[in-house]
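Observations on the model geometry
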Amino acid sequence: MFKEFREFAMRGSVLDMAVGIIIGAAFGKIVTSFVNDILMPPVGKLLGGFDFSNLFINLSDKAVTTLAEAKAAGIATINYGLFLNTLIDFTIVAAAVFILVRQINRLKKEEPAAAPATKECPYCLNAIPVNATRCGHCTSELK
């Protein structure tokens with residue numbers, strides 16, 4: 001059983017998938033950092049200086065001003081600001097994957113098949129050149 005598992009795990013497609021998942025997770029972390037640390041602060045400043053990650057709906061009667069206060073007090077909240085950040089993360093990752101797949105598909109375009117160089121003689125069924133006017137095997141005249 002161990003030998004079968006090792007053969008399965010060492011297949012090229014399984015290793016490629018594992019590498020893809022690891023790189024994808026790292027790429028996701030980079031995009032999250034880009035959105036949270038680089039993209040959203042200027043956007044928040046342009047929109048009046050508020051932090052998107054601090055946007056929430058308080059579901060209790062206790063008054064809190066920040067999400068950190070609400071979490072510390074154990075108050076239930078709907079964190080739509082964090083959801084917006086995650087939605088932007090997803091959009092960036094999806095766009096990057098789309099561009100990558102599009103480029104790979106562009107590279108994989110197959111050349112159209114070349115016109116056949118031979119045809120079949122209708123009399124003896126042997127292969128002859130396409131431009132032949134007489135069969136080299138049975139000497140029949142071709143149309």
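Residues numbered from 1 in each chain as written. Predicted model: local features only at pLDDT ≥ 70, side-chain atom pairs only at ≥ 80, totals over all residues. Heavy atoms only, no water.

1. Side note on unusual backbone geometry
With a phi angle near 65 degrees, L125 is a residue other than glycine that sits in the positive phi range. Position of L125 relative to the elements: it lies in the loop between β3 (118-120) and β4 (127-129). The residue T139 is not glycine, and still its phi comes out positive at about 60 degrees. (Helix = DSSP H or I, 4+ residues; strand = E, 2+ residues; numbered from the N terminus.)

2. Here we look at helix α4 (residues 80-107)
Between its first and last C-alpha atoms α4 spans 40 Å; for 28 residues at 1.5 Å apiece the expected length is 40 Å, and the two agree. Taken together, the buried positions of α4 are occupied by G81, N85 and D89. (Expected span 1.5 Å × (residues − 1). Buried < 20%, exposed > 50% of the residue type's maximum accessible area, 1.4 Å probe, protein only.)

3. Digging into the pattern of salt bridges
Per the stated rule, a full pass over the model turns up one salt bridge. As a salt-bridge pair, R134 and E141 come within 3.1 Å of each other at their nearest N and O atoms. Note on R134: relative accessible area 44%, which makes it partly exposed. (Salt bridge = Lys/Arg side-chain N within 4 Å of Asp/Glu carboxyl O.)

4. Things to note about the environment of M40
Turning to its location among the elements, M40 is positioned in helix α2 (residues 12-46). Taking the C-alpha atoms as reference points, M40 and A9, separated by 31 residues in sequence, lie 41 Å from one another. Here M40 is in contact with V35, F52, N85 and I88, once residues within four sequence places are set aside. (Contact = heavy atoms within 4.5 Å.)

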